[in-house]
There are 2 protein chains.
Amino acid sequence: MNRVALLGSTGSVGTQALDVARHLGDRVRIVALAGGRNTGLLSAQIAEFHPRLYHSLLPDRVTGLGARAATLEEIASDEDVDTVLVATSGTAGLEPTLAALRRGKTVALANKEVLVMAGGIVVEAAHRFGGRLVPVDSEHSAIFQCLRGEDGPIARLLLTASGGPFYRYTSERLTSVSVAEALAHPVWSMGQKITIDSATLMNKGLEVIEAHWLFGVPFDCIEVVVHPQCLIHSMVEFPDGSVKAQMSPPDMTLPIQYALTCPDRVPARTAPLSWTDSRSLTFEPVDVTRFPCLRLARQAGAAGGTYPAALCGADEAAVSLFLKGRIPFTGIARLVEYALNAHRAADGASLEAIRNAERQACSLVTAHSEEIVMEGAAQSRARL
Amino acid sequence: MNRVALLGSTGSVGTQALDVARHLGDRVRIVALAGGRNTGLLSAQIAEFHPRLYHSLLPDRVTGLGARAATLEEIASDEDVDTVLVATSGTAGLEPTLAALRRGKTVALANKEVLVMAGGIVVEAAHRFGGRLVPVDSEHSAIFQCLRGEDGPIARLLLTASGGPFYRYTSERLTSVSVAEALAHPVWSMGQKITIDSATLMNKGLEVIEAHWLFGVPFDCIEVVVHPQCLIHSMVEFPDGSVKAQMSPPDMTLPIQYALTCPDRVPARTAPLSWTDSRSLTFEPVDVTRFPCLRLARQAGAAGGTYPAALCGADEAAVSLFLKGRIPFTGIARLVEYALNAHRAADGASLEAIRNAERQACSLVTAHSEEIVMEGAAQSRARL
């Protein structure tokens, strides 16, 4: 029985994790639930799963039913918890991740920002205290599964990308995509921020940085391949040229379940892939000219230090502006690039420096978005 | 250092295995070489690799250069041998395989007939004496690699098939394919018998039986999927719906090398797969109406006992008749089906019973080929 604390239980991954918990029955016990502001849903989850602890940003509005209110770090440190599933968005997952790893627990990580911003600190904490990081993202779960039983070096990681809804759009057409279009991802059903990040390929860039930290592979050995069918979730190439790929229906409950049960493979709710019909899996290189966010993320990852935090802060702010209709879709990359160019790396990369870098990039983008985007647009026109 | 006895050194897999040995340098030492009738090549191999033992069907014509002539079983039992690479064709590999397994050695198996005909006996010998079977066929090597580190049950094996040169041919057109057409395999360069078996899909049927014995998977959990690009060499589906696939350039030196070095993955001579160009991997179900050999092999495998031996004997004879221009391509399946229907299973499946079944089916096909094929053709005409 895996005793699980679920942080971010009311979000997209959180609610799917509870579906998995329902399916797994006695193999999993939910001992803590942490939601944000959706107190109605959190109360209902508490009534169903009877956790001992809960956390909410609005604790007074939660019906606790005997569960005790606690901070995220208290929950992550609790001795009754084996696995902390971090499915919070943004940087809220950072401190609980570190708290859990420092107690030698398993952290099932569905939150990208934690590793993107503080990968060095998180990986060091895991090594030092014997904590274990298990990926929940389908791409990293695929790599994790392909590496199972492989103890030698890795030649290359091949992260697959759906390409998002706009992969066939021209640069011109990309400037005019609407919020509604950007929120309609062709394959995955996810939260708003990550859906926009998927459309700009920033999400894939964050995954490259995450893969670097999870699997200790240098950036120039991590490639992104566009694979619109989203059946192969990623691949690993070994030094002998052999490539292993992991494939499954595009359903987040599968990697969530694997993170909670591995090394066991428990029969899933979803039907396996069928091979009785013809099927074509296609792969093509990424065009970073039309999707510069992937290039920016790689650059920030390779620069290291506080650069990835600045990337996250700038992207958070830029996506928010796009969702409010204040900037065009292509303005996101422009704002992120501006913030990265403006960023001055702090000495060392303490948690404080990381949070500062994130905050400053976020403020910079929010304060100057209009002039930056206008200037970029003027430059584009001048180039034509 | 792996001390290797190579049986079948002058054949297609054998010569490629020596290429691998050249590439691997000190990791491998060739301590014995066994060739058939190509004594010139065997002599040259002996001069290059300086084995302690050799075997030939025409030993007097071999320049031994200090190597001692020995039987295949002596070689397979020799205490200086760690791995016996069985790359002989037909049933000559059976006794040396058993001899090596009974001494707890590793058998790298490139010969299908050994497991197809005597899978039960071979697997039992391996279990009882601690011998280890390592596959060399690209499909089984792929499965073996996908199973690395996976200790739970297997839901399905998905064997990929190129489909051979005639996969798009109509039944009508298949009756008139020439020997030259059948010997021109679109992807793999192999010996004559296996090239014809690939064109009829009998080879894939033999692989299904082989996979059954190697991995202990029931026949109804082994599927064949046509994959003309031959990059995914096979796949394993686990109970949670996760599928692992192994991919590499279609080059036999890779699985041969893996069999000789695993668990190590040594950088290969061949260039890894490139992902900078677009690529499409297609999959489609097999049509066993046009390619009945796959169905016949499955039936023989599931019937067990001496049936797979009868299958092998009949196919050997039928392919030989086709290569001599005595029967049409579609006559191969017809003859095999006739021999299987005529076969009476022996009680138990001793090595003697297995060899008898093979011989009888072979004789039956050779003796009655013309009337069987003519009768089949008449029936076909009658059906029209």
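Residues numbered from 1 in each chain as written. Chains lettered and ligands numbered in written order. Predicted model: local features only at pLDDT ≥ 70, side-chain atom pairs only at ≥ 80, totals over all residues. Heavy atoms only, no water.

### Brief notes about the domain arrangement of chain A
Residues and elements named next belong to chain A.
(1) Moving on: What the domain assignment lists for chain A is domain 1 (2–135), domain 2 (137–249 + 259–288) and domain 3 (304–384).
(2) Moving on: A straight line from the C-alpha centre of domain 1 to that of domain 3 covers 30 Å.
(3) Moving on: With nine residues of domain 1 in contact, the opposing surface of domain 3 contributes 10 residues.
(4) Moving on: Summing the contributions of domain 1 and of domain 3, the shared interface buries around 830 Å²; its carbon and sulfur component is 66%.
(5) Moving on: Sorting the residues of domain 1 by area buried against domain 3 places Val-116, Met-117 and Ile-121 first, and these three jointly supply 56% of that buried surface.
(6) Moving on: Counting every contact that joins domain 1 to domain 3 gives one salt bridge.
(7) Moving on: There are two residue pairs in polar contact (both at pLDDT 80 or more) connecting domain 1 and domain 3.
(8) Moving on: If you list the elements that add at least two residues to the side of domain 1 that touches domain 3, you get helix H4 (94–102) and helix H5 (112–129).
(9) Moving on: Looking at side-chain class alone, the side of domain 1 that touches domain 3 contains six nonpolar, one polar and two charged residues. (Domains from an automatic or database assignment. Contact = heavy atoms within 4.5 Å. Buried area = accessible area lost by both parts, 1.4 Å probe. Salt bridge = Lys/Arg side-chain N within 4 Å of Asp/Glu carboxyl O. Polar contact = N/O pair within 3.5 Å; in protein donor to acceptor, adjacent residues only side chain to side chain. Helix = DSSP H or I, 4+ residues; strand = E, 2+ residues; numbered from the N terminus. Nonpolar A, V, L, I, M, F, W, Y, C, P; charged D, E, K, R; others polar.)

### A short note on the pairing of strand S7 (residues 132–135) of chain A
Residues and elements named next belong to chain A.
(1) Moving on: Across four bridges, strand S6 (residues 106–109) lies against S7 in parallel orientation. Directly across from Thr-106, in S7, lies its bridge partner Arg-132.
(2) Moving on: Note that the unit made of S6, H5 and S7 has a crossover that is right-handed. (Pairing = 2+ DSSP bridges. Right-handed = clockwise from strand over helix to strand, strands pointing away.)

### Side note on the relation of the copies chain A and chain B
(1) Moving on: Here chain A sits on chain B after a turn of 180° about the axis and a move of 0.0 Å along it, with an RMSD of 0.0 Å. Here the transformation between the copies is reduced to the relation of a two-fold axis. Using C-alpha coordinates, one finds that chain A approaches the rotation axis most closely at Gly-149 of chain A, a distance of 1.8 Å.
(2) Moving on: Taken as a fraction of all interface residues of chain A, those also at the interface in chain B reach 100%, which identifies the copy contact as same-surface. (Least-squares fit on C-alpha atoms with pLDDT ≥ 70 in both.)

### Digging into the sheet that holds strand S10 (residues 232–237) of chain A
(1) Moving on: Strand order in this closed barrel of 10 strands is S8(A)-S9(A)-S12(A)-S12(B)-S9(B)-S8(B)-S10(B)-S11(B)-S11(A)-S10(A), and the pairing throughout is mixed. In this sheet, neighbouring strand axes are inclined to one another by 25° on average, regardless of whether the strands run parallel or antiparallel.
(2) Moving on: Note that strand S10 (residues 232–237) of chain B and strand S11 (residues 243–247) of chain B share five bridges and pair antiparallel. Pairing of Ser-234 of chain B across the sheet is with Gln-246 of chain B, part of S11 of chain B.
(3) Moving on: Along the sheet face, helix H10 (residues 202–215) of chain A touches strand S8 (156–161) and strand S9 (222–226) of chain A and points at about 150° away from the line of S8 of chain A.
(4) Moving on: Packed on one face of the sheet, helix H6 (residues 138–147) of chain B meets strand S11 (243–247) of chain A together with strand S8 (156–161), S10 and S11 of chain B and runs near 45° to S10 of chain B. (Axes fitted to C-alpha atoms, helices over the stretch in contact; angles between N-to-C directions.)

### Some points on the interface of chain A and chain B
(1) Moving on: Each partner contributes residues to the interface: chain A has 45 residues there, and chain B has 45 residues.
(2) Moving on: For the pair chain A and chain B, the two sides together bury roughly 3500 Å², of which 52% comes from carbon and sulfur.
(3) Moving on: In terms of surface lost to chain B, no three residues of chain A exceed Asp-240, Arg-265 and Trp-275 of chain A, which account for 22% of the buried area on that side.
(4) Moving on: Inspection of the region where chain A meets chain B yields eight salt bridges.
(5) Moving on: Residue Glu-150 of chain A pairs with Arg-148 of chain B through a salt bridge whose shortest N-O separation is 3.3 Å.
(6) Moving on: Seen at the junction of chain A and chain B, the total is 25 residue pairs in polar contact (both at pLDDT 80 or more).
(7) Moving on: For the side of chain A that touches chain B, the secondary structure elements donating two or more residues are helix H6 (138–147), S8, S9, S10, S11, helix H11 (253–261) and strand S12 (279–285) of chain A.
(8) Moving on: The element that contributes the greatest number of residues to the side of chain A that touches chain B is S12 of chain A, accounting for seven residues.
(9) Moving on: Residues belonging to the side of chain A that touches chain B are distributed by class as follows: 22 nonpolar, 11 polar and 12 charged.
(10) Moving on: Bridge analysis of S11 of chain A against S11 of chain B gives five bridges, and the strand direction is antiparallel. Bridge pairing in S11 of chain B places Lys-244 of chain A opposite Gln-246 of chain B.

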